[in-house]
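Listed below are the residues making up each chain.
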Amino acid sequence: MMKSNWILGINPGEPGYNHHDPAAALYRDGRLLVAAEEERFTRIKGAPGVFPTAAVDFCLAEAGISVDDLNAVAVGYDPDFRDERLASQLSRIQERLTLRTGPAATLSDEEVRRAEDLGRAVVDCVASHRMFGDSPEKLIADRLRMSDPTRVVFVGHHFAHAASAYYPSPFDDAVVVVVDGVGEVSSSTSWAVRSGQWEPTSDVRCPNSLGYFYAAMTDYLGFEPFEGEGKLMALAPYGSPDPLIRDRLAKVAILTSVGYDVSDLVADALRPRGMGLDLSVTRTRLTEILGRPPAARGEARQSFYENVAWAAQNFLERAMLDLVARAVEATGIRDLAVAGGVFLNCRLNQVIRESGVVDRMFVQPAAGDAGLALGSALAVAAERSVLEREPMRTLALGPKIQAESDDFGDLPVSVPEDLIGRVAGLLAEGKTVMWCEGRAEFGPRGLCHRSILADPRAADMVERVNSIKNRETWRPFAPVVLAEYASDVLGPLDPTVNGRFMIESFDVQPSWREKLAAVLHQADGTARVQILSSEDNPTVHRLLTRFHHLTGVPALMNTSCNDRGEPLMDSAANAIRLWRTSAADALVINQFLLLK
């Protein structure tokens, strides 16, 4: 019997690497076995600065192997870029060091403080450069308690994203585009891939970063940057074109005959100690340009800020569409695979999909930096000719939720003989149901394994479910729709459209909008849809089918099962806690049902 080939992919999540979204994914003989994000174990959203120890341990335990059984550990970051990164950092420091010199020169207290700060920045940058030492592989191996550091392989940040997009796609030939804040030094890249052969076609470096531009706009609108970008996206349709805002924003967000340029906003805000974004600088600059102070928390629904959101989203869509069109024109390839945090923008993905610029499109659903764990392992598997390419069909890759009757204490738990029928009836009666079953999802979406489900027909269900999750009442929820009826609800769909992962929005047909009032964006009639087949999730497919028989509606409201600011649900204990302390009516954990 041949020995299995094991490749572990990780996003380290520590300073010097990507700092956020640490994750691990395990491939056996080139096929994805399990994957998990560290935040699910730490219970801290994004788990910033944490090595994915628990995620790695989970992956190895699921496979029944030790770290020394691994053939390779693929890391979604390449320290070989450190010289180029240091040069970029020192160049920015030099630009800030404009002090008067000469024997008669006098310096103000502010100039002295700036020189002192920049001096410390030089020391810090050099220390960061040296932190990897002569053997960065050994640093990773030591964290993993791995005896052989030669098995550690570094993969460039953007190439890991690109691999996560191309290899799980259904395409032999594809244009691959990656856009985020910054990798090692790049902010957007593209490749032409023909039968697995990669040719780079563009590389846009920070500070010309659309990811940082959108983060700065998110912050200006009073949302949490690098977390609340989805709120900006959701706010934008409530706004409308404002020529004054458009013209003012065009001072720092430019689209010309040679592409987009947001460097003027981002460059001065790059921290001299690294590639991070100093949002106090962008906040001040946007205040000067737009003529209004940033929105305070909760103020974003004023018309001015809604119009700013519209302008920011519109610029992103135009800039990205231009970027994709250039890549298609340069390569002659019309199938597109994408990844990077900017592609978590569902509305943007709809615009590209419907533009006519591409024929088919695949969006890596774990488009953010957790997806580097997937992509780095895929890249190494492909390079070593052990990859078994297969389309991505599920993200139910994480820990299974476990529950025993004793976990419920004296709570009124039951094990219904017909659980599906019982829950379908509760949903049809207007009850809200926390649904936790099987393996947890990898990535940011609850896809009916860790979900809150509800009747999509009544508009007041939005307020009720928002009260469970403690989030803004104006933000739209999403539906899960039976695949057999997706074309009825959304209009004719190309067979190549992949709606499994709630990563693209769709226009809902007018005849269905009243029946789906709780899962539409009220301003534009779109929905961020999960299209569910019996192959994807047989249990929830049966639940949806029963609900359809009861109501005539082949859809349910589906939102991630978590409280505000929390990662997706991880355990029976936390699920029971949320059920007890929230307005949720029912909780399902595998075969168990709790009902208030």
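Residues numbered from 1 in each chain as written. Predicted model: local features only at pLDDT ≥ 70, side-chain atom pairs only at ≥ 80, totals over all residues. Heavy atoms only, no water.

### Remarks on the overall build of the chain
Scanning the chain from terminus to terminus reveals 20 helices and 24 strands. Residues classed as buried in the chain amount to 56% of the 596 residues present. In the chain, the proportion of contacts linking residues at least 24 apart, taken out of those at least 6 apart, comes to 71%. For the chain, the accessible surface area stands at approximately 24000 Å², while carbon and sulfur atoms represent 49% of it. (Helix = DSSP H or I, 4+ residues; strand = E, 2+ residues; numbered from the N terminus. Buried < 20%, exposed > 50% of the residue type's maximum accessible area, 1.4 Å probe, protein only. Contact = heavy atoms within 4.5 Å. Areas by Shrake-Rupley, 256 points an atom, 1.4 Å probe, with all protein chains shown as cover.)

### Focus: the nonpolar core
Core analysis: the largest hydrophobic core is formed by 109 residues, its most contacted members being F213 and F343. No other element matches helix α12 (residues 303-331), which puts 14 residues into this core. Among residues more than four places away in sequence, those in contact with F343 are V177, V178, V179, M320, V338, L348, N349, I352, V363, A367 and I503. Counting 63 residues, the second largest nonpolar core, distinct from the first, contains I401, L411, L544 and M557. (Core = buried A, V, L, I, M, F, W, Y, C linked by side-chain atoms within 4.5 Å.)

### Here we look at the sheet that holds strand β12 (residues 360-363)
Ordered by their spatial adjacency, 5 strands build an open sheet running β8-β7-β6-β11-β12, and the pairing between neighbours is mixed. Looking along the sheet, the strands with just one partner apiece sit at the ends: β8 (197-205) and β12. Direction aside, the axes of adjacent strands within the sheet are offset by 20° on average. The pairing of strand β7 (residues 186-194) with β8 spans 8 bridges and is classified as antiparallel. By the bridge assignment, S186 is partnered in β8 with R205. (Pairing = 2+ DSSP bridges. Axes fitted to C-alpha atoms, helices over the stretch in contact; angles between N-to-C directions.)

### Quick word on helix α15 (residues 419-428)
Each turn of an α-helix holds 3.6 residues, which means side chains three or four residues apart point in the same direction. Within α15, 8 of the 10 residues are buried, leaving the element largely enclosed by the surrounding structure. Along α15, the positions that sit buried rather than exposed are L419, I420, G421, V423, A424, G425, L426 and L427.

### Description of the environment of P492
Here P492 is to be found in the loop between α17 (486-490) and β19 (505-507). Looking at P492, the relative accessible area reads 83%, which means it is exposed.

### Side note on the side chain of E184
Examined against the element boundaries, E184 turns out to sit in the loop between β6 (173-179) and β7. Residue E184 is classed as buried on the basis of its relative accessible area, which comes to 5%. Engagement of the side chain of E184 in a polar contact is seen with the backbone nitrogen of D78, the distance being 2.9 Å. Within the structure, the side chain of E184 is placed 2.8 Å from the backbone nitrogen of H157, a separation counted as a polar contact. (Polar contact = N/O pair within 3.5 Å; in protein donor to acceptor, adjacent residues only side chain to side chain.)

### Overview of unusual backbone geometry
With glycine set apart, most residues show a phi of negative sign, and most peptide bonds adopt trans. Put simply, C206 and P207 share a cis peptide bond, and its omega is 25°. Among the secondary structure elements, P207 is positioned in the loop between β8 and α7 (210-220). Positive phi is not limited to glycine here, since N590 has a value of about 55°. Of the residues examined, N590 reaches a relative accessible area of 22% and is grouped as partly exposed.

### Some thoughts on the sheet that holds strand β4 (residues 72-75)
If you trace the 5 strands from one edge of the open sheet to the other, you get β3-β2-β1-β4-β5, paired in mixed fashion. Edge positions in the open sheet fall to β3 (31-37) and β5 (152-154), since each of these has one partner strand only. Recorded for the sheet is a direction-independent mean angle of 20° between the axes of neighbouring strands. Looking at chain direction, strand β2 (residues 23-28) and β3 are connected through 6 bridges and run antiparallel.

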